[in-house]
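# Coordinate analysis (summary)
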Amino acid sequence: MEIVRPKTNIQFYPAKKRIVPNCKLCKVIHNLTRDDYDYMVVKDKKRRIIEMRHHKRYGEINSLYKISNINDYDNTDPLTEFDRAVLSVCVSNFAIGNRCVTPAVILRGLAGKTSKGGKGKVNPAQLDAILFSVKKLMSTIIDLDDTQPNECLDYGSKKSAIICSAILPAYVAKETTINGQDAYIIGFDRESPLIQVARERKQILTYNTELLDVPGQQNTWMNITLKNYAMSRVQEIKLHDIHPTLTFADLFAKARIANASRDTKQN
């Protein structure tokens, strides 16, 4: 999965607008329990997503999906909200024409430091978290059959659609000079299938990335997870006029610290 490329000089700038795929599929697969995730990855079973429960003509409308790993990737940890945030940064950069990014560019997107003077120096813990997430996303296959919702709910072209693709079609290379410095590079082979599904359903959130730049806050993977999820929920509330309430219980659940110590939650 890691490719060593000859040294080249590439100049690009991080996306300032965040694009978040917000379809039910994207939200569900990043918040599965260990048992539900293993049901697919380990036991090779499919799950369903209820797209609509009480359609006047068709009743319950479902999509079927399965998650699996590329053969040489043996990590079976469930996808998380941190992975979802990393994916949306990659999607956002692809949308403005960036066909590659670095961990520093991803960090700037996650932390909201995308202004001209924004700093994106990555410490070892951040680098490990970002590369681990990228490799997991590019090694995780989504196999989606959304024929029924496409035909019944007028999504896309109404034609049958079965998608089988890596969640993040990409590669990781190193020893490439980016803006004059040696760094890892994440190159995109094509668009993520999750943004394609979200676009067909018109279920995409957009906002200014700088809203994530919280003064005085360390950008640990946990803080990044919490503020990216909270921002997505705020944008969803604004877009759909939902009751404007966020609960700590929901934030802790999405950050997978519902059973953590009181000190962890307080921090």
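Nothing here was measured: the structure is a model prediction, and the numbers come from that model.

Parameters at a glance
Residues numbered from 1 in each chain as written. Predicted model: local features only at pLDDT ≥ 70, side-chain atom pairs only at ≥ 80, totals over all residues. Heavy atoms only, no water. Helix = DSSP H or I, 4+ residues; strand = E, 2+ residues; numbered from the N terminus. Polar contact = N/O pair within 3.5 Å; in protein donor to acceptor, adjacent residues only side chain to side chain. Core = buried A, V, L, I, M, F, W, Y, C linked by side-chain atoms within 4.5 Å. Buried < 20%, exposed > 50% of the residue type's maximum accessible area, 1.4 Å probe, protein only. Contact = heavy atoms within 4.5 Å. Axes fitted to C-alpha atoms, helices over the stretch in contact; angles between N-to-C directions. Parallel < 35°, antiparallel > 145°, perpendicular 65-115°, else oblique. Nonpolar A, V, L, I, M, F, W, Y, C, P; charged D, E, K, R; others polar. Pairing = 2+ DSSP bridges. Phe/Tyr/Trp six-rings, centres within 6.5 Å; stacked < 30°, edge-to-face > 60°. Lys NZ or Arg CZ within 6 Å of the ring centre and 35° of its normal. Expected span 1.5 Å × (residues − 1). pLDDT = per-residue confidence, 0-100. Salt bridge = Lys/Arg side-chain N within 4 Å of Asp/Glu carboxyl O.

This paragraph deals with the environment of N123. Positionally, N123 belongs in the loop between α4 (103-111) and α5 (124-138). Along the sequence, N123 and T220 sit 97 residues apart, while their C-alpha atoms lie 9.8 Å from each other. Only 2.8 Å separates the side chain of N123 from the backbone nitrogen of Q126, close enough to count as a polar contact.

Okay, the nonpolar core next. Considering soluble globular proteins, one finds that nonpolar side chains tend to be buried as a cluster. One finds L25, I29, Y65, I67, I106, L110 and V134 to be the most contacted residues of the largest nonpolar core, which totals 49 residues. Per-element accounting of this core gives the leading share, eight residues, to helix α3 (residues 81-95). Apart from the residues within four sequence positions on either side, V134 is in contact with V86, I106, L168, V172 and I186. Judged by nonpolar contacts, the second largest core, of five residues, contains V20, L205, Y207 and L212.

Another point: the packing of α4 against helix α8 (residues 221-240). Running from N to C, α4 and α8 point in directions that differ by 55 degrees, and their axes come no closer than 9 Å. By the criterion of interaxial angle, the relationship of α4 to α8 is oblique. For the pair formed by α4 and α8, the contact residues are L107, L110 and A111 on the first element and I224, K227 and N228 on the second. Classifying every residue of the contact of α4 with α8 gives four nonpolar, one polar and one charged.

With that settled, the discussion passes to the packing of α3 against α5. Each pair of packed helices can be described by the angle between their axes along with the distance between the axes. Across the interface, α3 lies against α5 with an axial gap of 10 Å and an inter-helix angle of 80 degrees. Here α3 is positioned roughly perpendicular relative to α5, judged by the angle of their axes. Here α3 contributes F82, D83, V86 and L87 to the contact with α5, which in turn contributes A129, I130, S133, V134, K136 and L137. Of the residues contributing to the contact of α3 with α5, the split by class is seven nonpolar, one polar and two charged.

Strands in a sheet are paired, the pairing made by backbone hydrogen bonds, and the direction either parallel or antiparallel. One open sheet accounts for four strands, arranged β4-β5-β7-β8; its pairing is antiparallel. Each having just a single partner strand, β4 (47-55) and β8 (162-166) make up the two edges of the open sheet. Neighbour-to-neighbour, the strand axes of this sheet turn through a mean angle of 15 degrees, independent of strand direction. Of the pairings in the sheet, the one linking β4 to strand β5 (residues 59-69) comprises six bridges and is antiparallel in character. Residue pairing for β5: R48 is matched across the bridge by L64. Of the strands in this sheet, β7 (140-145) and β8 touch helix α7 (residues 193-200), which is tilted by about 145 degrees from β8.

Phi is positive for K202, close to 55 degrees, though the residue is something other than glycine. Examined against the element boundaries, K202 turns out to sit in the loop between α7 and β11 (204-208). If you check the backbone angles, R256 has positive phi at about 60 degrees while not being a glycine. Along the polypeptide, R256 turns up in the loop between α9 (248-254) and α10 (262-266). The class for R256 is partly exposed, based on a relative accessible area of 37%.

This part takes up the packing of aromatic side chains. Summed over the entire model, instances satisfying the criterion amount to two aromatic pairs. Note that R99 overlies the ring of F94, its terminal NZ or CZ placed 3.8 Å from the centroid.

It is worth spelling out α3 at this point. In an α-helix, one turn spans 3.6 residues, which is why side chains three or four residues apart end up on the same side. Here α3 contains 15 residues, and its C-alpha end-to-end distance of 21 Å stays within 8% of the 21 Å for a straight helix at 1.5 Å per residue. A large share of α3 lies buried, amounting to 14 of its 15 residues. The positive-phi residue at the C-terminal boundary of α3 is G97, with phi of around 100 degrees.

Okay, the confidence of the model for the protein chain next. For the protein chain, the average pLDDT comes to 88, and 89% of its residues sit at 70 or higher. At the low end of the mean pLDDT range in the protein chain sits strand β1 (residues 2-4), at 52; at the high end sits α3, at 98.

So, on to the pattern of salt bridges. Throughout the structure, instances matching the rule amount to 13 salt bridges. The salt bridge involving R47 is made with D36; its shortest N-O contact spans 3.4 Å. Within this pair, whereas R47 is found in strand β4, its partner D36 is found in helix α2 (residues 34-41), the two being separated by 11 residues in sequence. Residue R47 is classed as partly exposed on the basis of its relative accessible area, which comes to 23%. Looking at D36, the relative accessible area reads 26%, which means it is partly exposed. Residue R84 is joined to E81 by a salt bridge in which the shortest nitrogen-to-oxygen separation is 3.5 Å.

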